[in-house]
Amino acid sequence: MSRTSARKTITAVAGVSALSLFLAACGSSGTTTASSTTTSTSSSSASSSSASSSDGATGSATSSSDAPVGADSGWCDTVKGLYPDTQGKAVNLYTVITAPEDTPYIETFKSFTECTGATVNYEGSKEFEAQIGVRVSSGNPPDVAVFPQPGLMQQVQESSGAMLPLKDEVAANAKKYFPADWTNYGTINDQFLGVPNNADFKSLVWYSPKTFAAKGYTVPTNWQELQDLQAKIVAAGEKPWCIGIESGEATGWQITDWLEEYVLRTAGPDVYDQWVSHDVKFSDEPIAKATAEMAKVIKNPEMVNAGFGDVSSIASTNFNAPSTKILDGTCSMTRQAANFGSNYDASIKIGADGDINAFYFPPITEDFGQTVLGGGTFTAAFRDNDQINALMYYLTTPEYANTRAKAGNYISANRGLDPANVPVVVQKEALKTLQDPKATFRFDASDLMPAAVGADAEWKQFTAWITGQDDATTLANIDNAWPNQ
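Residues numbered from 1 in each chain as written. Predicted model: local features only at pLDDT ≥ 70, side-chain atom pairs only at ≥ 80, totals over all residues. Heavy atoms only, no water.

**Student:** Explanation requested: the overall build of the protein in the structure shown.
**Tutor:** Within the protein one finds 19 helices and twelve strands. Relative to its 485 residues, the protein shows a buried fraction of 59%. A fraction of 79% describes how many contacts in the protein between residues 6 or more apart in sequence connect residues 24 or more apart. Surface summary for the protein: the accessible area is close to 16500 Å², and the carbon and sulfur share equals 48%. (Helix = DSSP H or I, 4+ residues; strand = E, 2+ residues; numbered from the N terminus. Buried < 20%, exposed > 50% of the residue type's maximum accessible area, 1.4 Å probe, protein only. Contact = heavy atoms within 4.5 Å. Areas by Shrake-Rupley, 256 points an atom, 1.4 Å probe, with all protein chains shown as cover.)

Now the structure itself:
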């Protein structure tokens, strides 16, 4: 599959602290477990004065020297002026995000309804990745779809051409508030199609501060300290890591995140970019080396799988199951994205002085600086009318980002998002990271690759790998799945 400017990498987006870097997201690839739901936001109209004053963002953080800062407090008046025919209309939105994670999104659309009088019919489905292509090819696309992977969005567009370029005013507002590289990920064949939604940060290791204190463990700040900590835990007769990759039809996606971390840390961002485009193949030396380094941890019986069993138990352990083992001290560490914190209810305190916390998965070498792995979702439209265009504009605004952040478990690369509106300290720190230009951020490689590879062959082959298949066979099989070989 040919790649376009959507393939461009994010650089100078995230500044990294050695101890605790966090980003949060909702609805990463393959992580949804709830059943599908369909919900409409309530319809009401409001005066333009009250609606236009509802933006509570201060937009005080900056991301780059050319980054305009500040909330678009007049978004509602702008939307009404651009798209007057919205009252009583509806927009059908299709997404992978299902109950209960869908509730904050549905609540956030109330601001849009109050402004425009248009409702959002929200349909969440854990079959999104399989069904979106079917719906589009059969001539029954949703009005708007939230894609969990840019690669899937590109695949659907290149097979159908059904997505519509953003209206000029929507594109302009998106470029005003999002860093250029984020808008590049929403661009296919030089057409800006997808508005960035949430931002996801994956380079985290979760642990229990209470367990660490009780056992005399110190949070590692570099690679050698992490190796020393692992050795100390093994010497005490325990396994340092607990890992699960079971996720229904998406079983295996967790290992793709592990591999991406190792490719960034052993081969560097430039090779990572070439790997995404398949200019560097899975079976080539840099990726084979990263796989072998990864295996030293996740296929090492001394290292895994605390609280669950032997190495092969990783394949049958649900990806969220380590949350209980970390909390009760059975397991010392698990590498998970920031949304892992949503496994805990309000009684569990997250932070350095709490029950659960996370630290940055450190670089292996200083050669590539501090690299950050992440991801995000993108919203694209299949039809053209006032209510759809109004919703797409709303999704570019600080109003949307701040309202959604207040609802919890969400941050965005939107530069108008105020950290004060992010309720969880881990996520607040993550936002500061996202809005600091000092480090190198790379988007989840499997989400950028063709879906036949990143959302199919990789998952299946690494599931086979964890249960005994050798490195060379695994990597060659993934290469063979790449389209148009």
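That was the structure; now back to the text.
**Student:** How should I be thinking about the packing of aromatic side chains in this particular structure?
**Tutor:** Two aromatic rings are characterised by how far apart their centres lie and by the angle between their planes. All told, the structure shown has 28 aromatic pairs when counted by the stated rule. Note on Phe128 and Phe147: the rings are 5.7 Å apart at their centroids and 80° apart in plane angle, and the pair reads as edge-to-face. One end of the pair, Phe128, is in helix α4 (residues 128–137); the other, Phe147, is in strand β4 (residues 144–147), with 19 residues separating them in the sequence. Here Phe128 and Phe147 have matching classes, each one buried. Consider the rings of Trp182 and Phe443, whose centres lie 6.1 Å apart with planes at 70°: the pair is edge-to-face. Of this pair, Trp182 sits in helix α7 (residues 180–185) while Phe443 sits in strand β12 (residues 440–443); the two residues are 261 residues apart in sequence, bridging distant segments of the chain. By relative accessible area, Trp182 is classed as buried at 1%. (Phe/Tyr/Trp six-rings, centres within 6.5 Å; stacked < 30°, edge-to-face > 60°.)

**Student:** Just to check I follow, could you spell out the pattern of salt bridges for this structure?
**Tutor:** Close approach of charged atoms allows side chains of opposite charge to pair. Under the counting rule described, the total for this entry stands at 16 salt bridges. Lys202 serves as the salt-bridge partner of Asp444, at 2.5 Å between the closest nitrogen and oxygen. One end of the pair, Asp444, is in the loop between β12 and α17 (445–448); the other, Lys202, is in the loop between β7 (195–201) and β8 (204–207), with 242 residues separating them in the sequence. In this structure Asp444 comes out as buried when scored by relative accessible area, which is 1%. Taking relative accessible area as the criterion, Lys202 reaches 2% and is therefore assigned buried. Each of Lys202, Asp257, Glu261, Arg265, Arg335 and Asp444 takes part in salt bridges that share partners, so that together they form one network. (Salt bridge = Lys/Arg side-chain N within 4 Å of Asp/Glu carboxyl O.)

Geometric descriptors of this kind do not, in isolation, establish any biological role.
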